[in-house]
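# What the coordinates show
Listed below are the residues making up each chain.
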Amino acid sequence: MILLLNGSLRKSKSNSNHFLNLLKTQLKDSYESVQLYQRKDLNVMKDLLQKADACVIGMPVYVDGVPAQVMEFMEQMYLRYQGQFAQLPVYVITNLGFYESEQGNVLLEIVKNWCSKMGFFYGGGLAIGAGEMLGTLKKVPLDQGPNNN
Ligand SMILES: Cc1cc2nc3c(=O)[nH]c(=O)nc-3n(C[C@H](O)[C@H](O)[C@H](O)COP(=O)(O)O)c2cc1C
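Per an unreviewed UniProt entry, the recorded name for the protein chain is Flavodoxin-like protein, and the organism is Longicatena caecimuris.

## Observations regarding the overall build of the protein chain
Regarding its fold elements, the protein chain presents 5 helices and 5 strands. Traced from its N-terminal end to its C-terminal end, the protein chain shows the element sequence β-α-β-α-β-α-β-α-β-α. Computed over its C-alpha atoms, the radius of gyration of the protein chain comes to 15 Å, within 12% of the 15 Å expected for a compact globule of 149 residues. When its C-alpha atoms are laid out on the principal axes, the protein chain stretches across 45 × 35 × 25 Å. Considering the protein chain as a whole, with its 149 residues, one finds that 46% of them fall into the buried category. Taking contacts inside the protein chain between residues at least 6 apart in sequence as the whole, the part at least 24 apart equals 78%. Put simply, the protein chain shows about 8,200 Å² of open surface, and 51% of that area lies on carbon and sulfur atoms. For the protein chain, the distance from the average site of its 14 positive side-chain charges to the average site of its 13 negative ones is 7 Å.

## Topic: the side chain of N147
Positionally, N147 belongs in the segment after α5 (131-135). One polar contact links the side chain of N147 to the main-chain carbonyl oxygen of V140, over a distance of 3.0 Å.

## Some details on the packing of helix α3 (residues 68-81) against helix α4 (residues 105-118)
The geometry of α3 relative to α4 is characterised by a closest axis approach of 10 Å and an angle of 15 degrees between their N-to-C directions. By the angle between their directions, the pair α3 and α4 is classed as roughly parallel. Note that α3 runs across α4; the crossing there is left-handed. Two secondary-structure elements touch here, α3 through M71, F73, M74, M77, Y78 and Y81 and α4 through I110, V111, W114, K117 and M118. Here the residues of the contact of α3 with α4 are counted per class, giving 10 nonpolar, no polar and 1 charged.

## Concerning the packing of aromatic side chains
A full pass over the atoms with the stated rule returns 3 aromatic pairs. With 5.0 Å between their ring centres and 45 degrees between their planes, F85 and F120 make a pair best called tilted. With F85 in the loop between α3 and β4 (89-95) and F120 in the loop between α4 and β5 (121-128), the pair connects residues that are 35 residues apart, well separated along the chain. F120 shares its class with F85; the two are buried. Summarising the aromatic geometry, the rings of W114 and F120 are spaced 5.2 Å apart at their centres and angled 65 degrees between planes, so their arrangement reads as edge-to-face. For the pair shown, W114 and F120 are each scored as buried. Following the ring pairs from residue to residue traces out a cluster consisting of F73, F85, W114 and F120.

Cut-offs and rules
Residues numbered from 1 in each chain as written. Predicted model: local features only at pLDDT ≥ 70, side-chain atom pairs only at ≥ 80, totals over all residues. Heavy atoms only, no water. Helix = DSSP H or I, 4+ residues; strand = E, 2+ residues; numbered from the N terminus. Rg over C-alpha atoms; globule rule 2.2 N^0.38 Å. Buried < 20%, exposed > 50% of the residue type's maximum accessible area, 1.4 Å probe, protein only. Contact = heavy atoms within 4.5 Å. Areas by Shrake-Rupley, 256 points an atom, 1.4 Å probe, with all protein chains shown as cover. Lys, Arg positive; Asp, Glu negative; His and termini not counted. Charge placed at Lys NZ, Arg CZ, Asp CG, Glu CD. Polar contact = N/O pair within 3.5 Å; in protein donor to acceptor, adjacent residues only side chain to side chain. Axes fitted to C-alpha atoms, helices over the stretch in contact; angles between N-to-C directions. Parallel < 35°, antiparallel > 145°, perpendicular 65-115°, else oblique. Left-handed = near helix turned anticlockwise from the far one by under 90°. Nonpolar A, V, L, I, M, F, W, Y, C, P; charged D, E, K, R; others polar. Phe/Tyr/Trp six-rings, centres within 6.5 Å; stacked < 30°, edge-to-face > 60°.

Take a look at the structure:
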C-alpha cells in the first residue's frame, strides 16, 4: 500500500491534493489517502506508516520551508516513534507560488533530514513551481501546454 499524505491546510481543494491525485492515476499498487491535518491521532498515523510499502507527502512551500502544520507532525512523529519504521521509502511532492522550483530546495532538504532521523529511506522529492497556476489547469492534458514536461 502506498500512503499518500496531503499536508496542505486547503484540504482536498489544495494544489498539493491535485498533484497527489495526478500521481494516483499512475499508481498500479493500492494506495490510501490521508488529509494530514484532519488525522490528529498520531498512533493511527504510526500504524499506517508501519503498514505502508512507501509514503508520498504532498505539501506547499511556506516561507521557503515546511508549513508549520506539517512541521508539527514531523516533530511529533520524531519524538514518539523515531526508528520504528524499517527504512520505509518516503517521497515528497511540494509545490510553491513562485515559478522557480529551486525555491523548494530547502523544504526537500528538511524532509531528507527528517527521514534520516526517523530511520526512513528518503526516496527523493519533486518541487513544482507555479503551483497555483498548474492547480487551475486540471482540464489541460498532462502532455499539453504548461502541463507538458
Ligand atoms: C503562509 C504562506 C507562505 C508561503 N510562502 C511561499 C514561499 O516562501 N515561496 C513560494 O514560492 N510560495 C509561497 N507560498 C505560496 C504557496 O506555496 C502556493 O500558493 C501553493 O500553491 C499552495 O499550495 P496548496 O494549495 O497545496 O496549499 C506561501 C503561501 C502561504 C499561504
